Amino acid sequence: MTPSFVAMPIIFGIVLIGAVTGIYAGFRREMNLEQWTVAGRGFGLVFVWLLTAGEVYTTFSFLGASGWAYSRGGPTLYILAYQTLSYVVCFFVQPRVWEIARKFRLHTQSDFFRQRYGSERLAALVAIVGVVFIVPYLQLQLTGLGIIVQVASFDAISRPVAISIAFVIVAGFVLSSGIRAVAWVSVLKDLLMLLAALAVGIGVPYHYFGGVGPMFHALVQAKPAHLTMPGSTANMGHSWYISTVLLTGLGGLMWPHNFASTFTAKSGNTLRRNAVIMPMYNLTLPLLFFVGFTAILVSPGLKNADMALLFTVRKTFPPWVLGVIGGAGALTAMVPAAILLLTAGTLFAKNFVRPILAPAMSDDSVARLAKIMVVVITGLAMYLALFSTTSLVGLLLFAYVGVAQFFPGVVLGLYWQRVNATSVLVGLIVGLTISIGLVATKRDPVWGLNAGFVALCANLAVTAAISAFNRKTTFRDHSPGEVAVGAGAQTRSA
Amino acid sequence: MGCDQQRSLFVIAFARKLAYRPSLPFIAMKPRKLLTLVLASLPFLAICLSVPLWDRVYPLVFGLPFNMFWLVLWMPLSSLCMWGVYRLRKTAAPDEVSER
């Protein structure tokens, strides 16, 4: 019996269970815009946790973290730090954003900008920039999925086939159940990922060295400088670490899909409690690092570092374990892809097309258009994943640095009344120009600092400088369509 | 002797006066707010800004290099800090917290 014969049915079985769960999640519910995008704002702690865990633990953590541990060493530690700090900021920011979203019935990040600054143009720009940055993130998930399934099935399922099947399924459950599908499939995904991380993180070092401790002992002997910063890189020292942790910790909250999951919560307190427990979830990440570090000693000289985890696991474990890891890896790509698609579709339909091309559109037609866009964006990302040759990590870096530029618009806007559309717009353009300029000319890191951090500082400075001359405005000033809040709702203003 | 006592009294009185000036945000903060600020900044200090202090391999703790052990240790500790902030809020606005 060939190994692929064992692994393949397991991968297909897991993906199939995921698909059924996703499609069933919204069964017998009317999927209007409110239900589809924010699940009627009724999620408690468990579902909000599943959504956030679903979107932070992507194929990038699965392949990228171990790949960085393999190729760069010390600097990889930033991944352990930024998500923890990100949730410290979340604790304070998310509940306030949620409160405003609930009061004014917001569905997207761009809605938030429109409500706060009263400018359709700024909101449309935020929406389109968001969509532009979501596409490479989506492409990364697709490519990662292709790699995982191909390796885990012992090359029985080719990359294009894996990508196509998975994304037809993702589009299917996003269309049928919206954000509920993401939360429900996340149950299966998180459980499997936890098992997979424990199995490979402890199993791989144990297999070759008899434990994690002996593995590190051997590594310190072989490559003493690899484990501290700058590790095996030239310019990722301590200043790079600090600036990168700050940028990704603050900027990571600005992903448009992060707003979508925030809005699903049923109260601000749900979000606070989620922020308290989220750092504990990162405890599984070091396990993936262990595999990358072991790979340095047992499979040196890999051309593509992102393959370090999978090759080492394939060398170490029997086929059925590969099958489970392949299935878990596929779901790890599908869950974030689903929420990315949902967010991109809604942003495009509600915040770009409606205000600019068809102001008279009803919410139901917006939902229909958003669903059409889900299909279109799926197609686009699939095309890019199959035919584009651009380096993925490069693309994601670009997207991360870009999305972080929304930070002043959201956070200064929450706490400082003098910030207005002009200051945010100018700051955003300055930030985007600098970050795109630096990353495109390969000047990242610049002066030992993360390029995005430099851009974010410039952005904050410009926004603040212009704002100092403005008069005060608040969320209430721009609310032509304010909807009365239901009885018992929280009305304490921010 | 007497002069010294007088001076210390003056210092206390002056500090009190400072403490109630709204223009001095850090000193004028209510203890609860100050504690919130301290608890929320601890993770930033411990795992971001202080990196030169703990970024080394030795001593290995539980088989982990020291820098990795430190970051892993601060995952539960950060949670604990934020739980403290959550508790502080709860005593501040109990009715809001009881609503799920």
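Everything discussed here concerns the structure shown above.
Rules of the game
Residues numbered from 1 in each chain as written. Chains lettered and ligands numbered in written order. Predicted model: local features only at pLDDT ≥ 70, side-chain atom pairs only at ≥ 80, totals over all residues. Heavy atoms only, no water. Helix = DSSP H or I, 4+ residues; strand = E, 2+ residues; numbered from the N terminus. Rg over C-alpha atoms; globule rule 2.2 N^0.38 Å. Buried < 20%, exposed > 50% of the residue type's maximum accessible area, 1.4 Å probe, protein only. Contact = heavy atoms within 4.5 Å. Salt bridge = Lys/Arg side-chain N within 4 Å of Asp/Glu carboxyl O. Polar contact = N/O pair within 3.5 Å; in protein donor to acceptor, adjacent residues only side chain to side chain. Buried area = accessible area lost by both parts, 1.4 Å probe. Core = buried A, V, L, I, M, F, W, Y, C linked by side-chain atoms within 4.5 Å. Phe/Tyr/Trp six-rings, centres within 6.5 Å; stacked < 30°, edge-to-face > 60°. Disulfide = S-S within 2.5 Å. Axes fitted to C-alpha atoms, helices over the stretch in contact; angles between N-to-C directions. Parallel < 35°, antiparallel > 145°, perpendicular 65-115°, else oblique. Nonpolar A, V, L, I, M, F, W, Y, C, P; charged D, E, K, R; others polar. Expected span 1.5 Å × (residues − 1).

**Student:** Explain the overall build of chain A here, please?
**Tutor:** Of regular secondary structure, chain A possesses 21 helices and 0 strands. Expected size for 494 residues packed as a compact globule is a radius of gyration near 23 Å; at 22 Å, chain A falls within 12% of this value. With the C-alpha coordinates of chain A rotated into their principal frame, the extents come out at 65 × 55 × 40 Å. Taken over 494 residues, chain A has a buried fraction of 62%.

**Student:** Quick question: what am I supposed to make of the overall build of chain B here?
**Tutor:** Scanning chain B from N- to C-terminus turns up 6 helices and 0 strands. Reading chain B from its N end, one meets helices and strands in the order α-α-α-α-α-α. Counting only residues that meet the buried cut, chain B has 36% of its 100 residues in that class. Across chain B, every contact between residues at least 6 apart in sequence was considered, and the portion connecting residues at least 24 apart equals 42%.

**Student:** Honestly, the pattern of salt bridges in this entry has me stumped. Any pointers?
**Tutor:** Two side chains that carry opposite charge are able to pair once their charged atoms sit near each other. All names here are of chain A. Counting across every chain of the model gives 3 salt bridges over all chains. A salt bridge links Asp111 to Lys350, with the nearest nitrogen and oxygen atoms 2.6 Å apart. Here Asp111, found in helix H6 (residues 109-117), pairs with Lys350, found in helix H16 (residues 319-356); they are 239 residues apart in sequence, far enough to count as distant. Taken as a pair, Asp111 and Lys350 share a single burial class, namely buried. A salt bridge links Asp155 to Arg314, with the nearest nitrogen and oxygen atoms 4.0 Å apart. Taken together, the residues span a long stretch of sequence, with Asp155 in the loop between helix H7 (120-152) and helix H8 (159-177) and Arg314 in helix H15 (residues 308-316) at a distance of 159 residues. Relative accessible area serves as the criterion here: at 48%, Asp155 is assigned to the partly exposed category.

**Student:** What is the right way to read the side chain of Gln83(A) from this model?
**Tutor:** Residue and element names in this part refer to chain A. Along the chain, the position of Gln83 falls in helix H5 (residues 78-104). Residue class for Gln83 comes out buried when judged on its relative accessible area of 8%. Of note is the side chain of Gln83, whose polar atom sits 3.3 Å from the side chain of Tyr82. In contact with Gln83, other than residues within four places in its own chain, are Val56, Asn282 and Leu285.

**Student:** What is the right way to look at the interface of chain A and chain B in this model?
**Tutor:** Interfaces are often sized by the accessible area lost when the parts come together. Tallying the contact residues gives 41 residues for chain A and 36 residues for chain B. Interface area lost by chain A to chain B is led by Leu85(A), Asn269(A) and Val276(A), which between them contribute 14%. Counting across the interface, chain A meets chain B through 3 residue pairs in polar contact (both at pLDDT 80 or more). Mapped by element, the contributors of at least two residues to the side of chain A that touches chain B are H5, helix H10 (212-222), helix H11 (238-251), helix H13 (268-281) and helix H14 (285-298) of chain A.

**Student:** Sorry if this is basic, but what is going on with the nonpolar core here?
**Tutor:** Where a protein is soluble and globular, its nonpolar side chains tend to be buried together. If you look at the biggest cluster of nonpolar residues, it comprises 187 residues, and the most contacted ones within it are Tyr241(A), Phe293(A) and Met334(A). Once residues lying within four places of it in the same chain are set aside, the contact partners of Phe293(A) are Ala69(A), Gly73(A), Met215(A), Phe216(A), Leu219(A), His226(A), Leu227(A) and Met68(B).

**Student:** Would you mind going over the packing of aromatic side chains with me for this structure?
**Tutor:** Two descriptors summarise a pair of aromatic rings, namely the distance from one centre to the other and the angle between the planes of the rings. If you walk through the whole model with that rule in mind, you get 24 aromatic pairs over all chains. Seen in terms of ring centroids, Tyr241(A) and Trp54(B) are 5.8 Å apart; in terms of plane orientation they differ by 80 degrees. Their pairing is edge-to-face. Here Tyr241(A), found in helix H11, pairs with Trp54(B), found in helix H4 (residues 51-54), and the two come from separate chains. We classify Tyr241(A) as buried; its relative accessible area is 0%. Grouping aromatic residues by their ring pairs yields a cluster made of Trp68(A), Tyr78(A), Tyr82(A), Tyr137(A), Trp240(A), Trp255(A) and Tyr400(A).

**Student:** Looking at this structure, I do not really get the state of the cysteines. What am I missing?
**Tutor:** Note on terminology: a disulfide is the covalent bond linking the sulfur atoms of two cysteines. Scanning the model with the defined rule gives 0 disulfides over all chains in all. Its sulfur unpaired, Cys90(A) is 16 Å from the next cysteine sulfur, which belongs to Cys48(B). In this structure Cys48(B) is a free cysteine whose sulfur lies 12 Å from that of Cys457(A), the closest cysteine sulfur available. Cys48(B) gets classed as buried once you look at its relative accessible area, which sits at 0%.

**Student:** Honestly, the packing of H5(A) against helix H12 (residues 256-263) of chain A in this entry has me stumped. Any pointers?
**Tutor:** Axis angle and axis distance: for two packed helices, these are the angle between their axes and the distance between the axes, and together they describe the pair. Residues and elements named next belong to chain A. Where H5 contacts H12, the two axes come as close as 9 Å, and the packing angle between them is 70 degrees. Taken together, the axis directions place H5 and H12 in an arrangement best described as roughly perpendicular. Note on element contacts: H12 touches H5 through Asn258, Phe259, Thr262 and Phe263, opposite Gln94, Val97, Trp98 and Ala101. Residues belonging to the contact of H5 with H12 are distributed by class as follows: 5 nonpolar, 3 polar and no charged.

**Student:** I'm lost on H5(A) in this one. Help?
**Tutor:** The α-helix advances 3.6 residues per turn, and as a result positions three or four apart in sequence lie on the same side. Residues and elements named next belong to chain A. In this model H5 runs 37 Å from its N-terminal to its C-terminal C-alpha over 27 residues, within 8% of the 39 Å that 1.5 Å per residue would give. Most of H5 is tucked away, with 24 of its 27 residues classed as buried. Positive backbone phi, at 55 degrees, marks Arg105, one or two positions downstream of H5.

**Student:** Looking at this model, I keep getting lost on the packing of H5(A) against H14(A). Mind explaining?
**Tutor:** Residue and element names in this part refer to chain A. Contact geometry of H5 with H14 gives a least axis separation of 10 Å together with a crossing angle of 170 degrees. Considered as vectors, H5 and H14 are oriented roughly antiparallel to each other. Of the residues in H14, those touching H5 at Ile79, Leu80 and Gln83 are Leu285, Pro286 and Phe289.

**Student:** Help me understand unusual backbone geometry in this model?
**Tutor:** Glycine aside, residues mostly have negative phi angles, and peptide bonds mostly take the trans form. Tyr58(B) connects to Pro59(B) through a cis peptide bond whose omega is 0 degrees. Residue Arg105(A) is not a glycine yet carries a positive backbone phi of 55 degrees. Summarising the element assignment, Arg105(A) is placed in the loop between H5 and H6. Phi angles above zero are rare outside glycine, and Phe62(B) is one such case at about 50 degrees.

**Student:** So what exactly am I meant to see when it comes to the environment of Ile47(B) here?
**Tutor:** Tracing the sequence through the fold places Ile47(B) in helix H3 (residues 31-49). With relative accessibility at 1%, the residue Ile47(B) sits in the buried group. Through-space distance from the C-alpha of Ile47(B) to that of Ser78(B) is 9.5 Å; in sequence the pair is 31 residues apart. Setting aside anything within four residues of it in sequence, one finds Ile47(B) in contact with Ala81(A), Thr84(A), Leu85(A), Tyr241(A), Trp54(B), Leu71(B) and Trp74(B).

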